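Below are the chains, spelled out letter by letter.
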Amino acid sequence: MKKLNILLIALLPAMAFAQEETTPKPIKFGVQAGATYSGLRGNPGAEENDYAVDYLLGLSIEVPISERLSFIGNLNYERKSFSREIQIEEDPFDPIFQPVNLDVRATLHYILVPLNLKYYLDPAKKFYVNGGLFAGFFLDNTLKVDGDKVEDESGDGIFKTLDFGLNLGLGMRIPLDNKNDLNIELRDNLGLVNISDVPVMDDGTVKTNSVNLIVSWQFGL
């Protein structure tokens, strides 16, 4: 019996370590906001537009799979904006018309659902990469000319309701306490499908691309 007691005492640290290793890591929820830098590609006309800065807002959930690997999902409202300068040379109804340059800015409003795998690069979980797929659901579009919002129905029936693509991110985690973290991430969302619901010149396509700078607060319950 004495030998058995000594053996149990010797095994206590190992048993505690094993119990710690098998303890499930907590699920973390989060809220996030950030800047977007987006534009269009896929045909010469779309690529003449300039990328523009806008913003996103969203929610997140992170579910640990192993010590360094997690599944993370987001539900974001994202504004994908792009701009272009248009020069009007003449007006056939105004013989004294002077040429003008107009700054035109269009914004596509999306609900974006990225589904990613997140891998921590170091044991302290300070740096990470993530990647996966996203689905984007088109809500509406707005148009501004020289900073003034104008009524624009051009998006009705022109843009498809679904966008789909790949995303890849690199980020840094800043622990605040045992349950709260601050994350800063740079992410690229590359649209893979044609979002135009009408024919495009020269059999081209219209595809999205946006780069996000995201700041998120994560917390455990």
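You'll find the structure just up there.
Residues numbered from 1 in each chain as written. Predicted model: local features only at pLDDT ≥ 70, side-chain atom pairs only at ≥ 80, totals over all residues. Heavy atoms only, no water.

### Examining the overall build of the chain
Across its full length, the chain carries 2 helices and 9 strands. Across the 221 residues that make up the chain, the buried fraction comes to 35%. (Helix = DSSP H or I, 4+ residues; strand = E, 2+ residues; numbered from the N terminus. Buried < 20%, exposed > 50% of the residue type's maximum accessible area, 1.4 Å probe, protein only.)

### A few points about the layout of surface pockets
In this structure, the largest pocket spans a volume of roughly 480 Å³. Lining of the largest pocket is provided by 26 residues; of these, Leu40, Asn49, Phe82, Arg84 and Phe159 occupy positions nearest its centre. At the level of elements, helix H2 (44-47), strand E3 (69-88), strand E4 (100-120) and strand E5 (127-145) are the ones that each hand at least two residues to the lining of the largest pocket. Considering only residue class, the lining of the largest pocket consists of 15 nonpolar, 8 polar and 3 charged. Approximately 310 Å³ is the volume attributed to the second largest pocket. Surrounding the second largest pocket, 17 residues form its lining, Lys25, Pro26, Lys28, Pro64 and Lys125 being those nearest its centre. (1 Å grid on protein atoms, 1.4 Å probe; cavity = no way out; pocket = protein on both sides within 12 Å on 5 of 7 lines; lining within 4 Å. Points joined across faces, edges and corners; volume = space filled by probe spheres on them. Nonpolar A, V, L, I, M, F, W, Y, C, P; charged D, E, K, R; others polar.)

### A short note on the nonpolar core
By size, the foremost hydrophobic cluster in this structure holds 15 residues, and its most contacted members are Leu40, Leu108, Tyr110 and Ile195. When contributions to this core are tallied by element, the ones reaching two or more residues are E4 and E5. (Core = buried A, V, L, I, M, F, W, Y, C linked by side-chain atoms within 4.5 Å.)

### A short note on the packing of aromatic side chains
Taken as a whole and judged by the stated rule, the model has 7 aromatic pairs. Their ring planes at 45° and their centres at 5.4 Å tell us that Tyr37 and Tyr51 sit as a pair that is tilted. Separated by 14 residues along the polypeptide, Tyr37 in strand E1 (residues 28-41) and Tyr51 in strand E2 (residues 50-64) bring together distant segments of the chain. Using a relative accessible area of 43% as the deciding quantity, one classes Tyr37 as partly exposed. (Phe/Tyr/Trp six-rings, centres within 6.5 Å; stacked < 30°, edge-to-face > 60°.)

### What to know about empty space enclosed by the protein
Evaluated as defined, the whole model comprises 1 cavity of 30 Å³ or more. What lines the largest cavity is a set of 13 residues, and nearest its centre among them are Gln32, Ile72, Tyr128, Glu185 and Ser216. Counting residues per element, the ones that place at least two in the lining of the largest cavity are E3, E5, strand E8 (180-191) and strand E9 (207-220). When its residues are assigned to classes, the lining of the largest cavity shows 3 nonpolar, 7 polar and 3 charged.

### Looking at a negative patch on the surface
A contiguous patch of negative charge on the surface is contributed by Asp50, Glu85, Asp103, Asp146 and Asp148. Looking at the element boundaries, Glu85 is found in strand E3. (Patch = residues over 30% accessible without salt bridge, like charges linked within 9 Å, V, L, I, M, F, W, Y side chains within 5 Å. Areas by Shrake-Rupley, 256 points an atom, 1.4 Å probe, with all protein chains shown as cover. Salt bridge = Lys/Arg side-chain N within 4 Å of Asp/Glu carboxyl O. Lys, Arg positive; Asp, Glu negative; His and termini not counted. Charge placed at Lys NZ, Arg CZ, Asp CG, Glu CD.)

### Looking at the pattern of salt bridges
Pairing is possible between side chains of opposite charge, provided their charged atoms come close. The final tally for this structure, using the stated rule, is 8 salt bridges. Residue Lys118 is joined to Glu62 by a salt bridge in which the shortest nitrogen-to-oxygen separation is 3.2 Å. With Lys118 in strand E4 and Glu62 in strand E2, this pair connects stretches of sequence that are 56 residues apart. Both residues of the pair, Lys118 and Glu62, count as buried. In this structure, a network of salt bridges that share partners links the residues Lys28, Arg173 and Asp181.

### What about the side chain of Ser81?
Looking at the secondary structure, you find Ser81 in strand E3. Residue Ser81 is classed as buried on the basis of its relative accessible area, which comes to 0%. A distance of 2.7 Å separates a polar atom in the side chain of Ser81 from a polar atom in the side chain of Thr107. In contact with Ser81, other than residues within four places in its own chain, are Ser38, Gly39, Ala52, Asp54, Arg105, Ala106 and Thr107. (Polar contact = N/O pair within 3.5 Å; in protein donor to acceptor, adjacent residues only side chain to side chain. Contact = heavy atoms within 4.5 Å.)

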